[in-house]
Amino acid sequence: MNLKAQLEIRISDALAAAGAPDGSGALIARSNKPQFGHYQANGCMAAAKALKINPRDLAQKVLDNLDLSDIAEPLEIAGPGFLNIRIKPEWLARRLTEAERDPKLGVPTPEKPQTVVVDYSAPNLAKEMHVGHLRSTIIGDAMARVLDFIGHKVVRQNHVGDWGTQFGMLIAYLNDLAADDPQGTQADAELSDLEDFYRKSKQRFDSDEEFANTARQQVVSLQAGDAATLEAWRKFRKISLSHCSDVYRRLGVLLTDDDVYGESEYNDDLVNVIDDLRSAGLLEESQGAQCVFLDEFRGKGEDDADVPLIVQKSDGGYLYATTDLAGIRYRQTQLNADRALYVTDSRQGMHFTQVFGVARKAGFAKPEFMLEHVPFGMMLGSDRRPFKTRTGGTIKLTDLLTEAEQRAFDLVSEKTPDLDEARRKEIAAIVGIGAVKYADLSQNRASDYVFSWDKMLSMDGNTAPYMQYAYARVKAIFRKAGIDESQAVGQIVLTEAAEINLAVKIAQLPETIHSVSVECMPNLLCSYLYELAGAYMTFYEACPVLKADDPAARTSRLMLCLLTARTIKKALGLLGIDILEQM
RNA sequence: GCGCCCGUAGCUCAGCAGGAUAGAGCGCCGGUUUCCUAAACCGGAGGCCAGAGGUUCGAGUCCUCUCGGGCGUACCA
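Engineer: Help me get a handle on the side chain of Gln508, residues and values and all.
Structural biologist: Mapped onto the secondary structure, Gln508 falls in the loop between helix H18 (497-507) and helix H19 (509-519). Beyond its immediate chain neighbours, meaning those up to four positions away, Gln508 contacts Arg30, Tyr39 and Tyr528.

Shown next as structure tokens:
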């Protein structure tokens, strides 16, 4: 169990024994000032109010019913009734020793692991991946890694847009190219830039009425399951997916073709969704469309109109609401999911509120199946407008990543010009990609974020390069000493304040990861990393490691270095960011 | 109109169930290198937490209203 949770339980019990009302929590928080200890319990004040007694008296009674001597120094009552908690060095040393032997660094495995679906990335296959897909892909991947590490069963679902009207247009254009070009070399060349391909076919669609009709015909035959059309569709889909795979590989994202479960997978089930909604008495026809009206959305539209969830268009076509409903049912019945995370931008908030609501009412999602929208804000340029190219076009993800690597390469070349070019390229890829990902993850996902190359590639502040450098610095000690990690074994003895503070930080990894998993907030892990690095730097300045006075201190400090390095590596790894042993 | 999100230092952002003197980075001012990676470290200045009420022993955090911004609001995803 993590430290914070341990304190919470022990002190809550003491609170109950002291006569506090049922459910009074210890309300453990990390103290924000060193003089207040490492943690503080804030629960006495609230409980005392309920009991109408003096909070300090209650705090005293809590102490009378509490023996924390195994974990903490004697607790102090402070201010109006805070309990200040200082963790004992001996306890920390023991906890760190255990963590050192544990591949999970002390992060506990849940008693009942859950099956968690993480729905993320989900690009539209009609176009190339662009910056709009970046946040979903990065945040979703980090969440998947974190949940997997904790010990949950993670099912990645890449709900790609591989169906819909725009495919008719693309297939028609593809067919046209193929007709003039039996070898298919022309078509292949055009398909190497999907963005361009889409633009050209769209242009044709808008200007050539005959072509537009053919395109509409293709949609019809596609939906009718015409063999030739399906063949063209498969070809296009495959090429588009390979573009995605390239991006995922460069980004170091774990998604593979096995995780692709696109809109088209649900085609056959959509008619059942409609039927079942009808049987459940939820379906209403309105303005020719099949809709579900939820009470919460009555009178919420323009002119106080009721807002429907449209599940079938008046022309009989289905929408993403239909597919999402089918997806929820699939995830519950086929994947046996306990929890599903939908990592999409915040503009889809209302859509998910509606879809989840309808899914519950229709029984597609049992009450205990947790459905969570994990929303995030937009990426903005330095002008605070949506992030676009100078000419106002969409920025392709592949171009963004290339620029990240190039900028990192220039930086590496400037700082360490003596390294050979191949090595500098290697470092640049890890630093550049890491910078892009970390910049995104370190931000509270709810807010829009301003994209800035200079900021994300800075060595100062809460950035990937800073964390990667911090790691490399730790590892330099081992290299300098000519000893292997495995040789750094022995007793951990914590005496200096800097050592104790560093140890506390290391011991806080489990509770941090727990918070991240519950709240889907990777930025908490980034803040933690930055604090850990800060604690390490203070330690590094204050406590000589290799030149420590006595061998016992040297060994102990080497172990602190070792654990710091492993913790940074692990935490960055959970964010999907690589480290460098040397930079 | 209604709904959701947001408004914290000059700039970009943290602030985890309401807790003690609101924290970082950039920028600005100043210091540290015969010493384990200076791509580093340390210190300083800088805030009526948009505004006004309210709840509370205690509010950046909760409630109401106002102002300012973003997004959404019937057949795109």
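Engineer: Account for the side chain of Ser413, with residues named and values stated.
Structural biologist: By the element assignment, Ser413 lies in helix H14 (residues 397-415). Looking at Ser413, its side chain comes within polar contact range of the main-chain oxygen of Phe409, at 2.8 Å.

Engineer: Any chance you could break down the protein's contact with RNA strand B for me, citing the residues and the numbers?
Structural biologist: If you check the shell around RNA strand B, you find 69 residues, and the closest are Gly301, Lys313, Tyr469, Arg473 and Tyr540. If you look at RNA strand B and keep only atoms within 4 Å of the protein, 57% of those are sugar or phosphate atoms. At 2.8 Å from a base oxygen of RNA strand B is found a main-chain nitrogen or oxygen belonging to Ser314. Between Tyr469 and RNA strand B, the recorded distance is 2.2 Å, taken from a side-chain N or O atom to a sugar or linking oxygen. Contributions of two or more residues to the surface near RNA strand B are made by helix H2 (43-51), strand S4 (82-85), strand S8 (289-293), strand S9 (308-312), strand S13 (449-450), helix H17 (464-481) and helix H20 (522-542). Looking at the surface near RNA strand B element by element, the count peaks at 8 residues for H17. Across the surface near RNA strand B, the residue classes tally to 30 nonpolar, 18 polar and 21 charged.

Engineer: Which residues make up the pattern of salt bridges, and what values go with them?
Structural biologist: Applying the stated criterion to the full structure yields 36 salt bridges. For Arg249, the salt bridge is made with Asp246, and the minimal N-O distance between the two is 3.7 Å. Residue Arg249 and its partner Asp246 are located together in helix H10 (residues 227-251), separated by 3 residues, close to a single helical turn. Look at Asp246 and you get partly exposed, because its relative accessible area is 39%.

Engineer: An account of the nonpolar core is requested, with residue identities and associated values reported.
Structural biologist: Counting 159 residues, the largest nonpolar core has Ile11, Leu400 and Leu575 as its most contacted members. Ranked by residue count, the leading element in this core is helix H21 (residues 551-574), at 11 residues. When sequence neighbours within four positions are dropped, the list of residues in contact with Leu575 reads Ala142, Arg145, Lys437, Tyr438, Leu441, Pro522, Leu525, Cys526 and Leu529. Judged by nonpolar contacts, the second largest core, of 35 residues, contains Leu277, Val307, Ala340 and Phe369.

Engineer: Tell me about the packing of aromatic side chains, residues and numbers included.
Structural biologist: Within this structure, the stated rule accounts for 16 aromatic pairs. On the basis of an interplanar angle of 10° and a centroid distance of 4.4 Å, the ring pair of Tyr261 and Tyr330 is categorised as stacked. Pair noted here: Tyr261 is in the loop between H10 and helix H11 (267-279) and Tyr330 is in helix H12 (residues 320-333), with a separation of 69 residues, a long-range link. The interplanar angle of 80° and the centroid separation of 5.9 Å between the aromatic rings of Tyr266 and Tyr330 together place this pair among those described as edge-to-face. With Tyr266 in the loop between H10 and H11 and Tyr330 in helix H12, the pair connects residues that are 64 residues apart, well separated along the chain.

Engineer: Give me the domain arrangement of chain A: which residues, what numbers.
Structural biologist: In many reports, interface size means the accessible area that the parts give up when they come together. Structurally, chain A comprises domain 1 (3-87), domain 2 (166-261) and domain 3 (264-376). Once you take the C-alpha centre of each, domain 1 and domain 2 turn out to be 63 Å apart.

Engineer: Can you break down H18 residue by residue, with the values?
Structural biologist: Counting buried positions over the 11 residues of H18 gives 9, a clear majority of the element. Listing the buried residues of H18 in full gives Ala498, Glu499, Ile500, Leu502, Ala503, Val504, Lys505, Ile506 and Ala507. Buried positions along H18 lie against strand S1 (28-30), helix H4 (89-101), H19, H20 and H21.

Engineer: Explain the packing of H19 against H20 residue by residue, including any values.
Structural biologist: When two helices pack together, their arrangement is given by the angle between the helix axes and by the axis-to-axis distance. With their axes 7 Å apart at the nearest point, H19 and H20 run at an angle of 155° to one another. Relative to H20, the element H19 lies roughly antiparallel. For the element pair H19 and H20, the recorded crossing hand is right-handed. Here Leu509, Thr512, Ile513, Ser515 and Val516 of H19 lie close against H20, whose contacting residues are Pro522, Leu524, Leu525 and Tyr528. Residues of the contact of H19 with H20, tallied by class, amount to 7 nonpolar, 2 polar and no charged.

Engineer: Give me the lowdown on the pairing of strand S10 (residues 339-345), citing residues and values where you can.
Structural biologist: Burial of S10 is extensive: 7 of the 7 residues sit out of reach of the surface. Across 4 bridges, strand S5 (residues 115-119) lies against S10 in parallel orientation. Looking at the pairing, Val116 lines up with Arg339 of S10. Taken together, S10, helix H13 (residues 349-361) and strand S11 (residues 370-376) form a β-α-β motif whose crossover is right-handed.

Engineer: A description of the sheet that holds S1 should follow, citing residues and the corresponding values.
Structural biologist: Taken in spatial order, the 4 strands of this open sheet run S1-S2-S4-S3, and their pairing is antiparallel. A single partner strand is all that each edge strand has here, and the edge strands are S1 and strand S3 (76-78). Strand-to-strand twist in this sheet, taken as the mean axis angle between neighbours without regard to direction, amounts to 35°. Alignment of strand S2 (residues 39-41) against S4, held across 3 bridges, turns out to be antiparallel. Paired with Tyr39 across the bridge in S4 is Ile85.

Engineer: So what about the packing of H10 against H14? Which residues, and what values?
Structural biologist: At a closest axis distance of 10 Å, the pairing of H10 and H14 adopts a crossing angle of 25°. Considering their axes alone, H10 and H14 lie roughly parallel with respect to each other. Seen along the crossing, H10 lies across H14 with a hand that is left-handed. Of the residues in H14, those touching H10 at Val247, Arg250 and Leu251 are Leu397, Thr398, Leu401, Thr402 and Glu405. Per-class residue counts for the contact of H10 with H14 are 4 nonpolar, 2 polar and 2 charged.

Engineer: Could you give an account of helix H9 (residues 209-224), naming the residues involved and the relevant values?
Structural biologist: Taking 1.5 Å per residue as the helical rise, H9 with its 16 residues ought to reach 22 Å, and the 23 Å between its terminal C-alpha atoms agrees with that figure. Of the surrounding elements, those touching the buried residues of H9 are helix H6 (166-179), helix H8 (194-207) and H10. Directly after H9, the chain includes Gly225, whose backbone phi takes a positive value near 80°.

Conventions adopted
- Residues numbered from 1 in each chain as written.
- Chains lettered and ligands numbered in written order.
- Predicted model: local features only at pLDDT ≥ 70, side-chain atom pairs only at ≥ 80, totals over all residues.
- Heavy atoms only, no water.
- Helix = DSSP H or I, 4+ residues; strand = E, 2+ residues; numbered from the N terminus.
- Contact = heavy atoms within 4.5 Å.
- Polar contact = N/O pair within 3.5 Å; in protein donor to acceptor, adjacent residues only side chain to side chain.
- Near = heavy atom within 4 Å.
- Nonpolar A, V, L, I, M, F, W, Y, C, P; charged D, E, K, R; others polar.
- Salt bridge = Lys/Arg side-chain N within 4 Å of Asp/Glu carboxyl O.
- Buried < 20%, exposed > 50% of the residue type's maximum accessible area, 1.4 Å probe, protein only.
- Core = buried A, V, L, I, M, F, W, Y, C linked by side-chain atoms within 4.5 Å.
- Phe/Tyr/Trp six-rings, centres within 6.5 Å; stacked < 30°, edge-to-face > 60°.
- Domains from an automatic or database assignment.
- Axes fitted to C-alpha atoms, helices over the stretch in contact; angles between N-to-C directions.
- Parallel < 35°, antiparallel > 145°, perpendicular 65-115°, else oblique.
- Left-handed = near helix turned anticlockwise from the far one by under 90°.
- Pairing = 2+ DSSP bridges.
- Right-handed = clockwise from strand over helix to strand, strands pointing away.
- Expected span 1.5 Å × (residues − 1).

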